[in-house]
Amino acid sequence: MSAKSRKIVEVLNGKTVSPPPLWLMRQAGRYLPEYRATRAEAGSFLDLCYSPELATEVTLQPIRRYAFDAAILFSDILVIPDALKRNVRFEEGHGPRMDPIDVDGIFALKEDGVQDHLKPVLEAVHRIRQALPEETALLGFCGAPWTVATYMIAGHGTPDQAPARLFAYREPEAFARLLDLLADLSADYLVAQIDAGADAVQIFDSWAGVLGEKEFADYAVRPMRRIVDAVRSRRPQAKIIAFAKGAGLQLKTYRQETRADAIGLDWSVPLSFAAELQKDGPVQGNLDPMRVVAGGAALDEGVDAILQALGNGPLIFNLGHGITPQADPENVTRLVARVRGEAR
């Protein structure tokens, strides 16, 4: 089977597939007991990301259980700052931490060795593609420069990423330099993932929603376009999904401005607006992850509403953000059956 005949790739090429293909953000995660067992075996979270064997195993776990139409590489958006020697670590109960960067630190960043540092991740991509069923697509990914930069500047996540916003206003030259560097490194990384076997890639801008109109254009759109153009210049057939969480009305021109093939939608995007966006090309989303936690009628109603509003156009069914640890795996089974119209 060629990559083009995998259902998600068909949708990314603009085709309507019924029922729509589906995968879930964070589908390999703490809600699955088999993931928790492998995570314990790995030691640290980053050790799991950098072990080709274990990263392959956790990527395949939800495919074995649910037969999703795509697997997504198990890794993290912060492997690039880790490769830039920013001392990335994951602290239990606190999430990611790293050494905060300042202006001097930004201009001292070196690209040397970054792609070598990421070779174990690329080995995992190769192994996953070899192990996946022929019909299952493989998605690579990276973090968008704005989102990655917010963690690098604050040294951790914050509720509204005020440290990065303030830094960008006070030090525009240094901030632009950081975004450009991250965009160029991300493009190299995505090309390498495609070469290792990824059918398509997704770029996660998880903190796009805190930006005003001008800032969204400067910090979210411009670096995303830089990545897309750089990837396409080397791999013209590359398929790219752009996910700008919380972008709201700014999604209206986001696809055209970034040149992404599909846009991911978070759960706050009204389905009537999503249907308008779909007229310009494929969309992905956008079930509220809390409906998966709730299960039952709430889950069924959410799935049905999306299928009714978006199922007659190019759609990749997904959540509006990552599945949460408290989700019951049986509710995911119910979701998959509902999307596919299978009797339970």
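Now for a quick tour of the structure.

1. Considering the pattern of salt bridges
Next up, step 1: Scanning the entire structure with this criterion turns up 26 salt bridges.
Next up, step 2: Of the charged contacts in the structure, one is a salt bridge between Asp 300 and Arg 334, with a shortest N-O distance of 2.7 Å. Of this pair, Asp 300 sits in helix 16 (residues 296-310) while Arg 334 is found in helix 17 (residues 329-340), placing the two residues 34 residues apart along the sequence.
Next up, step 3: Look at the salt bridges and you will find they share partners, linking Arg 6, Arg 129, Glu 134 and Asp 199 into a network.

2. Some remarks on the state of the cysteines
Next up, step 1: Enumeration according to the criterion identifies zero disulfides in this entry.
Next up, step 2: Counting only cysteine sulfurs, Cys 49 is the nearest neighbor of Cys 142, a cysteine outside any disulfide, at a range of 14 Å.
Next up, step 3: With a relative accessible area of 2%, Cys 142 lands in the buried category.

3. Considering helix 8 (residues 119-131)
Next up, step 1: Helix length check: helix 8 (13 residues) gives 18 Å between terminal C-alpha atoms against 18 Å at 1.5 Å per residue, within 8%.
Next up, step 2: Residues Val 121, Leu 122, Ala 124, Val 125, Ile 128 and Arg 129 constitute the buried set of helix 8. The arc that holds every buried residue of helix 8, seen down its axis, measures 150°, which confines them to one face. Away from its buried face, by an angle of more than 90 degrees, helix 8 presents the exposed residues Lys 119 and Gln 130.
Next up, step 3: If you follow the buried residues of helix 8, they end up packed against helix 3 (45-49), helix 4 (52-66), strand 4 (137-143) and helix 11 (172-196).

4. Structural notes on the pairing of strand 9 (residues 315-319)
Next up, step 1: Of all five residues making up strand 9, five are buried, and the element is well covered by its neighbours.
Next up, step 2: With burial as the criterion, each face of strand 9 is covered, one bearing Leu 315, Phe 317 and Leu 319 and the other bearing Ile 316 and Asn 318.
Next up, step 3: In this structure, strand 8 (residues 283-287) lies alongside strand 9, joined through five bridges in parallel fashion. Bridge pairing links Leu 287 to Leu 319 in strand 9.

5. A short note on the sheet that holds strand 9
Note on sheets: strands pair through backbone hydrogen bonds, and any given pair is parallel or antiparallel.
Next up, step 1: Strands sit in the order 1-4-5-6-7-8-9 across an open sheet of seven strands; the sheet is parallel. Single-partner strands in this sheet number two, and they are strand 1 (70-72) and strand 9. Sheet twist, expressed as the average angle between the axes of neighbouring strands with direction ignored, equals 25°.
Next up, step 2: Contacting strand 5 (200-205) and strand 6 (240-244), helix 12 (residues 213-234) runs over the sheet at an angle of about 170° to strand 6.
Next up, step 3: Against the sheet, helix 14 (residues 271-278) engages strand 7 (262-264), strand 8 and strand 9, with an angle of about 170° to strand 8.

6. Let's talk about helix 9 (residues 145-154)
Next up, step 1: The element helix 9 is extensively covered by neighbouring structure, given that 10 of its 10 residues are classed as buried.
Next up, step 2: Turning to helix 9, its buried residues number three or more, namely Pro 145, Trp 146, Thr 147, Val 148, Ala 149, Thr 150, Tyr 151, Met 152, Ile 153 and Ala 154.
Next up, step 3: Positive phi appears at Gly 155, one or two residues downstream of helix 9, with a value of about 85°.

7. Description of the side chain of Arg 232
Next up, step 1: In this structure, Arg 232 sits in helix 12.
Next up, step 2: Separated by 3.2 Å, the side chain of Arg 232 and the backbone oxygen of Ala 238 make a polar contact.
Next up, step 3: In this structure the side chain of Arg 232 is engaged in a polar contact, spanning 3.0 Å, whose partner is the backbone oxygen of Arg 259.
Next up, step 4: Setting aside anything within four residues of it in sequence, one finds Arg 232 in contact with Ala 238, Ile 240, Arg 259, Ala 260 and Asp 261.

8. Some words on the pairing of strand 5
Next up, step 1: Counting buried residues in strand 5 gives six out of six residues, a clear majority hidden from the surface.
Next up, step 2: Neither face of strand 5 is left uncovered, since the one carrying Ala 200, Gln 202 and Phe 204 and the one carrying Val 201, Ile 203 and Asp 205 both have all their residues buried.
Next up, step 3: Bridging between strand 4 and strand 5 involves five bridges; their strand directions are parallel. Across the sheet, residue Cys 142 finds its bridge partner in strand 5, namely Ile 203.
Next up, step 4: Bridge count for strand 5 against strand 6 is five bridges, and the pairing is parallel. When the sheet's bridge partners are listed, Gln 202 is paired in strand 6 with Ile 241.

9. As for the environment of Ser 272
Next up, step 1: Locating Ser 272 in the fold gives a position in helix 14.
Next up, step 2: Look at Ser 272 and you get exposed, because its relative accessible area is 55%.
Next up, step 3: In this structure the C-alpha to C-alpha distance between Ser 272 and Ala 309, which are 37 residues apart in sequence, comes to 7.3 Å.

10. Regarding the side chain of Gln 193
Next up, step 1: Its location among the elements puts Gln 193 in helix 11.
Next up, step 2: In this structure, Gln 193 is in contact with Leu 73, Leu 122, Val 125, Gly 140, Phe 141 and Ala 198, ignoring residues within four places of it in sequence.

11. Here's the deal with unusual backbone geometry
Next up, step 1: Ser 18 connects to Pro 19 through a cis peptide bond whose omega is -5°.
Next up, step 2: Gly 285 connects to Asn 286 through a cis peptide bond whose omega is -15°.
Next up, step 3: If you check the backbone angles, Ala 67 has positive phi at about 55° while not being a glycine.
Next up, step 4: When its relative accessible area of 44% is taken as the criterion, Ala 67 is described as partly exposed.
Next up, step 5: At Arg 259, a position not held by glycine, the phi torsion is positive, near 70°.
Next up, step 6: Along the chain, Arg 259 falls in the loop between helix 13 (254-258) and strand 7.
Next up, step 7: Of the residues examined, Arg 259 reaches a relative accessible area of 38% and is grouped as partly exposed.

Thresholds applied
Residues numbered from 1 in each chain as written. Predicted model: local features only at pLDDT ≥ 70, side-chain atom pairs only at ≥ 80, totals over all residues. Heavy atoms only, no water. Salt bridge = Lys/Arg side-chain N within 4 Å of Asp/Glu carboxyl O. Helix = DSSP H or I, 4+ residues; strand = E, 2+ residues; numbered from the N terminus. Disulfide = S-S within 2.5 Å. Buried < 20%, exposed > 50% of the residue type's maximum accessible area, 1.4 Å probe, protein only. Expected span 1.5 Å × (residues − 1). Arc of directions from axis to C-beta. Contact = heavy atoms within 4.5 Å. Pairing = 2+ DSSP bridges. Axes fitted to C-alpha atoms, helices over the stretch in contact; angles between N-to-C directions. Polar contact = N/O pair within 3.5 Å; in protein donor to acceptor, adjacent residues only side chain to side chain.

The values are spatial; any link to function lies outside them.
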